[in-house]
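Residue-level structure breakdown
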Amino acid sequence: MAEVKRERWAGRAPFIFAAIGSAIGLGNVWRFPYLSYQNGGGVFLIPYIIGLFVLGIPWMMVEFGMGRYFQKGAPGVFAGIGKKWEWLGWWPVFVAFLINTYYTVVIAWSLHYALSSLTVAWGTGQAGAKAAGDYFFKSVLQLSDGPGTLGAPVWGILGLLLLVWVLLYLVMYRGAKAIGTVSIWMVIAAWVLIAALIIRGITLPGGADGLNFYLAPDFSDLGKVEIWFGAFSQIAFSLSLGMAGMFAYGSCVARKADVTNSAAITSFSDTSTSFFAGFAVFSIVGFLMQALNVPIDKIAVRSLGLAFVSYPAAISMIPGGNALVGVLFFLCLFFLGFTSAYFLAYGGVIIPLVDKYGWNKTKTTVWVCVASFVVGILYTTKGGLYWLDIIDRSVSFYGLLITGAFACLVVGWVFGAKKLREHVNETSDIRVGAWWDWLIKIVVPAALLFVVIYGGFRNDLAKPYEGYPMWAASIIWVVLVGTLIFSFILQGTKPKAPKGGEQK
Amino acid sequence: MTAGAIISAIIIAAILIGGFAFCFSRLGKGGKWED
């Protein structure tokens, strides 16, 4: 059979921007700044930077390096190590697929808010600020009273979800070259928007004061386990590792191209985005505190509450150009989310399927988009937010961390950390030493399992997650075990195309 | 902003700039974008 060339990035910049686009996401805006505020302010960066060097960058080198070595997505990489390990490549594929089914719904909410910001639909002034919560939960989500009450889809959100998947298809069907080009524009656009939001935020009354909550150091926190848990978990979630996609992105890297420096630049870019997004977030929080005359503990400063309640509340109170601030903020969320969404779909799911089964890439892209959209309908229902929270806990917390830990153990001990290090050192700008082997073999898996046990099992086995009914909390374990079983099933299936075939 | 917050911001920015400076100083020292 004639050898078919592997798909390639158009160059180094498209590859790095695609990787940065996958790494930076909604968590840079709504999780990192909150963790800093909760864990000693500026001191939080000490464990974070340490974690970046001992956990994040080495782990990223594993995924880039193994993808390039085998020129395959995650399942092909682990099948290459040994047929019995192929399941370990499929498990993160399921993780990526399921994460994307709800991640795209959050992107749809962002689009909804970008449009409704034009008229500040939840109201302006004090009344609007107070109505922001009700607008999100009662008007936009039409939230039911629990996960057992699904109700019909919210049609407006469903329509926007369809639009998101159509846009994702239009980027993905043309492959890595189009993804690289789109990533350059979208990542730069997100950075420009963050810069604009920072300028507007710190020029608002109380804006600069809000930054004290984000940055003022408290060294007494440094000895607490929580700060290390917060730093390690944020690195694990933020770099988009453990979701199969970075193996695939690495597989499209030329055989003589750098790996280590690209991993470092991607990681530093992600951290910088988080750091600067914190200015945009906490300046607005400071403004809102002053405008409403409330303490910070009365304001949601993380996750959905920050993005879809506190930020809109602040937009209501901003004296001039508030609609513009709203549009910029939610467009920023859209760009951050969108570049991660096509990473999850293309690198996380489409490339692994095409690699193994030799399917037509365009048709596979269509079917992955359709399947993801259909599953995503669940999260557009009136009980969808509860399901989003539960599935997120299962795949984005347990799935990502456990597959990441096992992947590093298998690469480190079975494939050989030294073998991989020598492979990446041959062509990389930065040569890594033998110390790296022990990071992969011991430190990275131990750090990931620490997060799983300390932040997961310790709480979720003691009582149902977030106080959900037992049947609903049990879905976390059902999904986790179910995806593992399906991973073994896919390992047992036979590929249509011979090994070495490529996708076109 | 308090002095502590300003100093924190400057130190963190310096670390990140230093990291980028190192990465960009190494660009092209090893790999080539070709097969």
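Keep in mind the model is a prediction, meaning the values are calculated, not measured.

**Quick word on the overall build of chain B**
Helix and strand counts for chain B stand at one helix and zero strands. Overall size of chain B, expressed as C-alpha extent along the three principal axes, is 55 × 15 × 5 Å. Taken over 35 residues, chain B has a buried fraction of 23%.

**Details of the overall build of chain A**
Scanning chain A from N- to C-terminus turns up 19 helices and zero strands. Compactness check: chain A gives a C-alpha radius of gyration of 22 Å against a globular reference of 23 Å for 504 residues, within 12% of the reference. Of all 504 residues assigned to chain A, the portion counted as buried reaches 60%. Restricting the contact set of chain A to residue pairs at least 6 apart, pairs at least 24 apart contribute 87%.

**Focus: the interface of chain A and chain B**
Taken together, the contacts link 28 residues of chain A with 22 residues of chain B. Within the residue set of the side of chain A that touches chain B, elements represented by two or more residues are helix 4 (45–70), helix 10 (207–215) and helix 13 (260–292) of chain A. Broken down by element, the side of chain A that touches chain B gets its largest block of residues, seven residues, from helix 13 of chain A. Residue composition of the side of chain A that touches chain B, by class: 14 nonpolar, nine polar and five charged.

**Topic: the packing of helix 6 (residues 87–116) of chain A against helix 19 (residues 470–492) of chain A**
Two quantities define a packed helix pair, namely the angle between the helix axes and the distance between the axes. Residue and element names in this part refer to chain A. For the pair helix 6 and helix 19, the least separation of the axes is 8 Å and the interaxial angle reads 130°. What the angle tells us is that helix 6 and helix 19 run oblique. Crossing handedness for the pair helix 6 and helix 19: right-handed. Residues W87, W90, W91 and F94 of helix 6 pack against T483, L484, F486, S487, F488, L490 and Q491 of helix 19.

**Observations regarding the environment of W33 of chain B**
Mapped onto the secondary structure, W33 of chain B falls in the segment after helix 1 (3–26). Its 17 C-beta neighbours within 10 Å are what place W33 of chain B among the partly exposed residues. Once the C-alpha coordinates of W33 of chain B and A21 of chain B are considered, the two residues, twelve residues apart in sequence, prove to be 21 Å apart. Discounting chain neighbours no more than four positions away, the residues touching W33 of chain B are G11, R12, A254 and A257 of chain A.

**Considerations on helix 5 (residues 74–81) of chain A**
Owing to its 3.6 residues per turn, the α-helix brings residues three or four apart onto one side. All names here are of chain A. With respect to burial, helix 5 is a largely interior element, six of its eight residues being buried. Every buried residue of helix 5 is accounted for by A74, P75, G76, V77, F78 and A79. Here the buried face of helix 5 lies against helix 4, helix 6, helix 12 (245–251), helix 15 (322–357) and helix 17 (384–427).

**Comments concerning helix 15 of chain A**
Residues and elements named next belong to chain A. Relative to the 52 Å expected for 36 residues at 1.5 Å per residue, helix 15 spans 51 Å between its end C-alpha atoms, a close match to the ideal helical length. Along its length, helix 15 shows its largest kink, about 35°, at I350, and proline P352 lies within four residues downstream of that point. Most of helix 15 is tucked away: 30 of the 36 residues are buried. Positive phi appears at G358, one or two residues downstream of helix 15, with a value of about 70°.

**As for the nonpolar core**
Residue and element names in this part refer to chain A. Formed by 202 residues in total, the largest nonpolar core has its most connected members in A190, C332, Y342 and A345. Take this core: its biggest share by element is 21 residues, from helix 15. Once residues lying within four places of it in the same chain are set aside, the contact partners of Y342 are L168, V171, M172 and I179.

**Concerning the confidence of the model for chain A**
Summing up the model confidence of chain A, the mean pLDDT is 93 and the portion of residues at 70 or higher is 97%. Overall, residues 500–504 of chain A carries pLDDT values under 50, and its contacts beyond four positions in sequence, including any with other chains, amount to twelve contacts.

**A short note on the packing of helix 7 (residues 125–140) of chain A against helix 14 (residues 303–317) of chain A**
All names here are of chain A. Running from amino to carboxyl end, helix 7 crosses helix 14 at an angle of 160°, the nearest separation of the two axes being 8 Å. When the interaxial angle is binned, helix 7 and helix 14 end up roughly antiparallel. Relative to helix 14, the crossing made by helix 7 is right-handed. Touching G125, G128, A129, A132, G133 and F136 of helix 7 are F308, V309, P312, A313, S316 and M317, all from helix 14.

**As for the confidence of the model for chain B**
Per-residue confidence for chain B gives a mean pLDDT of 88, with 97% of residues at or over 70. The complex prediction reports pTM at 0.94, with the ipTM value standing at 0.95.

**Remarks on unusual backbone geometry**
Apart from glycine, the bulk of residues carry a negative phi angle, and the bulk of peptide bonds sit in the trans form. Residue and element names in this part refer to chain A. One non-glycine residue, Q71, lies in the positive phi region at around 55°. Its place among the elements puts Q71 in the loop between helix 4 and helix 5. Despite not being glycine, S240 shows a phi value in the positive range, around 60°. Checked against the element boundaries, S240 lands in the loop between helix 11 (225–238) and helix 12. C-beta crowding within 10 Å serves as the criterion here: with 32 such atoms nearby, S240 is assigned to the buried category.

**Side note on the environment of Y37 of chain A**
All names here are of chain A. Mapped onto the fold, Y37 is located in helix 3 (residues 32–38). Taking the number of C-beta atoms within 10 Å as the measure of exposure, Y37 has 23 and is therefore buried. Sequence separation between Y37 and P217 is 180 residues, and the spatial gap between their C-alpha atoms is 9.4 Å. Look past the residues within four positions of Y37 in its chain and what remains in contact with it is F213, Y214 and V301.

**A few points about the environment of F237 of chain A**
Residue and element names in this part refer to chain A. Summarising the element assignment, F237 is placed in helix 11. Put simply, F237 and F338 are 101 residues apart on the chain and 16 Å apart in space, counted from C-alpha to C-alpha. Residue contacts for F237: discarding those within four places in its chain leaves G27 and S396.

About the thresholds
- Note that residues are indexed from 1 along each chain, following the sequence as it is written.
- By the order in which they are written, chains take letters starting at A while ligands take numbers starting at 1.
- Where local features are concerned, this predicted model is filtered to residues with pLDDT of at least 70; where side-chain atom pairs are given and counted, the filter is 80 or more; whole-chain, interface and lining totals use all residues.
- Strands are runs of DSSP state E lasting at least 2 residues, helices are runs of H or I lasting at least 4, and numbering of each runs from the N terminus.
- Buried means a residue has 20 or more other C-beta atoms within 10 Å of its own C-beta, exposed means 12 or fewer, and partly exposed covers the counts in between; C-beta atoms are placed from the backbone.
- For a compact globule the rule gives 2.2 Å times the number of residues to the power 0.38, and the radius of gyration it is set against comes from C-alpha atoms.
- We call two residues in contact when the distance between their C-beta atoms, placed using the backbone, is within 7 Å.
- Three classes are used, and their members are as follows: Ala, Val, Leu, Ile, Met, Phe, Trp, Tyr, Cys and Pro are nonpolar, Asp, Glu, Lys and Arg are charged, and the others, Gly among them, are polar.
- Between the N-to-C directions of two axes lies an angle of 0 to 180 degrees, each axis being a line fitted to C-alpha atoms and, for a helix, fitted only over the stretch in contact.
- Oblique is the label for any angle not under 35 degrees, not over 145, and not in the 65 to 115 range, which are roughly parallel, roughly antiparallel and roughly perpendicular in turn.
- Handedness of a helix crossing follows the sense of rotation of the near helix relative to the far helix, less than a right angle counterclockwise being left-handed and clockwise being right-handed.
- In this analysis, the expected span of each helix is defined as 1.5 Å times one less than the number of residues it contains.
- To get the bend at any residue, fit one axis to the seven residues that end at it and another to the seven that begin at it, then take the angle between the two axes.
- The nonpolar core is taken to be a set of buried Ala, Val, Leu, Ile, Met, Phe, Trp, Tyr and Cys residues joined by way of C-beta atoms within 7 Å.
- Scored from 0 to 100, pLDDT records how confident the predictor is in each individual residue.

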